[in-house]
Amino acid sequence: MPETQRPTGARRGASVLVTGAAGNLGRAVVDRLRARGARVRRLVHRRTPGLPDDVESVVGDLMEPAVFRAALRDIDAVLLLWPLLDSAPAHPVVAELVAAAPRVVYVSSTAMDDGAARQSDPIVQVHADMEVLLRDAGLRPVVLRSDTLASNVRGWAAQLRVGDVIAGVHTARTAVVDERDVADAAAAVLLAPHHAQRGSTPYLLTGPEVLGRADQVARLGDALGRRLSFTALPAGPARSRMLADGRPERLVEALIAASARRPESKRVTDHVERLTGRPARTFARWAIDHAGEFS
């Protein structure tokens, strides 16, 4: 049975369920919804320290129908962050969404190639499968395809504590996007009036400039006042490092595949500004604002 924790002071307004609410993006969305007066419910796998006490929580597994059904009760809109590298377990989740009929906002990937029979790597493929599954169920989801999140660089913190060289798997250059911008865009869509449904065309959320790993490391170094450098590791050592860090083996293999197969993207859009009313933040701004986390 799901465990439900009631908020100490629920806000009035639209009711929104945020899945994956303990992660970087999920937390940011919860903060923005609270600030805009929404009644927020979060679905988390386990109790997590640091989450605000005035937000209702349902603790349990998204893939358990009873848990998700309880989380959806009296909800107007849902932010769906799919946590698995397989879309098959999503069928019961989608069935519950169809029964509850909320607005569904799904966070996907800008690496999607709509003209390809198969996507470049397992991570993008599961997003493609999820988009099809949601559409075929008749849910008319609003899809927010996000570029690489700036918050991913938090994974470098351990290396920065012992030196000035960041070693990791090579990734293609993309327009890295601040997770706060993705959260602002998600909140805007989740709280839009039902008659203002944004349509089925995906929004492509990017930052304002295309960056590689070395570019991100250099900008983070500027924010920290340190001369940092990036070293790309071959697949074998990169795999060993990620496994030693405790990442699940299947995720590690998907990340290695993404590094080898995902093409560079030069796409920069204004979709963050369309949804939020202001331009996307730069990665340099993110690095300055989060420098304290790497001290």
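For clarity, every value in this text was computed on a predicted model and none was experimentally measured.

Caption draft 1: Geometry of helix H4 (residues 122–136). Across its 15 residues, H4 extends 21 Å between first and last C-alpha, which sits within 8% of the 21 Å expected from 1.5 Å per residue. Turning to H4, its buried residues number three or more, namely Ile123, Val124, Gln125, Val126, His127, Ala128, Met130, Glu131, Leu133 and Leu134. Where the residues of H4 are buried, they touch strand E5 (77–80), helix H3 (90–100), strand E6 (103–109), strand E7 (142–146) and helix H9 (249–261). One side-chain oxygen at the N-terminal end of H4 lies 3.1 Å from the backbone nitrogen of Ile123; it belongs to Asp121. Count one or two residues on from H4 and you reach Gly138, which has phi positive near 85°.

Caption draft 2: Quick look at the pattern of salt bridges. Tallied over the entire structure, the rule returns 22 salt bridges. Between Arg173 and Asp215 there is a salt bridge, with its nearest N and O atoms 2.8 Å apart. Taken together, the residues span a long stretch of sequence, with Arg173 in the loop between strand E8 (165–169) and helix H6 (179–190) and Asp215 in helix H7 (residues 213–224) at a distance of 42 residues. One salt-bridge network, in which partners are shared between bridges, spans Arg32, Asp181, Asp184, Arg278 and Arg281.

Caption draft 3: Region of the structure containing the side chain of Arg32. Positionally, Arg32 belongs in helix H1 (residues 24–35). Classification of Arg32 by relative accessible area gives buried; the value is 19%. Once residues within four sequence positions are removed from consideration, Arg32 is found in contact with Arg180, Ala183, Asp184 and Ala187.

Caption draft 4: Highlighting the packing of helix H8 (residues 235–244) against H9. It is at 10 Å that the axes of H8 and H9 come closest, and there the two elements cross at 145°. Considering how the two elements wind past one another, H8 and H9 form a crossing that is right-handed. Packed against H8, whose contacting residues are Ala235, Ala238, Arg239, Met242 and Leu243, the element H9 presents Glu249, Val252, Glu253, Leu255 and Ile256 at the interface. Per-class residue counts for the contact of H8 with H9 are seven nonpolar, no polar and three charged.

Caption draft 5: Looking closely at the nonpolar core. Counting 34 residues, the largest nonpolar core has Val18, Val29, Leu33, Leu79, Leu144, Leu190 and Leu205 as the members making the most contacts within it. Sort the elements by how many residues they give to this core and H6 lands first, with seven residues. Ignoring anything within four residues of it in the chain, the contact list for Val18 reads Gly26, Val29, Val30, Leu33, Val40, Arg41, Arg42, Leu43 and Leu79. Core analysis: the next-biggest nonpolar cluster, separate from the first, contains 23 residues, Leu62, Phe68, Tyr106 and Leu133 among them.

Caption draft 6: Up close: the packing of helix H2 (residues 65–72) against H3. Where H2 meets H3, the axes come as close as 10 Å, and the angle between the chain directions of the two elements is 30°. If you check the angle between H2 and H3, you find them roughly parallel. Judged by the twist between their axes, the crossing of H2 over H3 is right-handed. Contact with H2, carried on its side by Pro65, Phe68, Arg69 and Leu72, involves Pro92, Val93, Glu96, Leu97 and Ala100 of H3 and no other residues of that element.

Caption draft 7: How the structure looks around the environment of Ala260. Looking at where Ala260 falls in the secondary structure, it is placed in helix H9. By relative accessible area, which is 66% here, Ala260 ends up exposed. Each C-alpha atom, one on Ala260 and one on Val16, is 38 Å from the other, the two residues being 244 residues apart in sequence.

Procedures and definitions
- Residues numbered from 1 in each chain as written.
- Predicted model: local features only at pLDDT ≥ 70, side-chain atom pairs only at ≥ 80, totals over all residues.
- Heavy atoms only, no water.
- Helix = DSSP H or I, 4+ residues; strand = E, 2+ residues; numbered from the N terminus.
- Expected span 1.5 Å × (residues − 1).
- Buried < 20%, exposed > 50% of the residue type's maximum accessible area, 1.4 Å probe, protein only.
- Contact = heavy atoms within 4.5 Å.
- Polar contact = N/O pair within 3.5 Å; in protein donor to acceptor, adjacent residues only side chain to side chain.
- Salt bridge = Lys/Arg side-chain N within 4 Å of Asp/Glu carboxyl O.
- Axes fitted to C-alpha atoms, helices over the stretch in contact; angles between N-to-C directions.
- Left-handed = near helix turned anticlockwise from the far one by under 90°.
- Nonpolar A, V, L, I, M, F, W, Y, C, P; charged D, E, K, R; others polar.
- Core = buried A, V, L, I, M, F, W, Y, C linked by side-chain atoms within 4.5 Å.
- Parallel < 35°, antiparallel > 145°, perpendicular 65-115°, else oblique.

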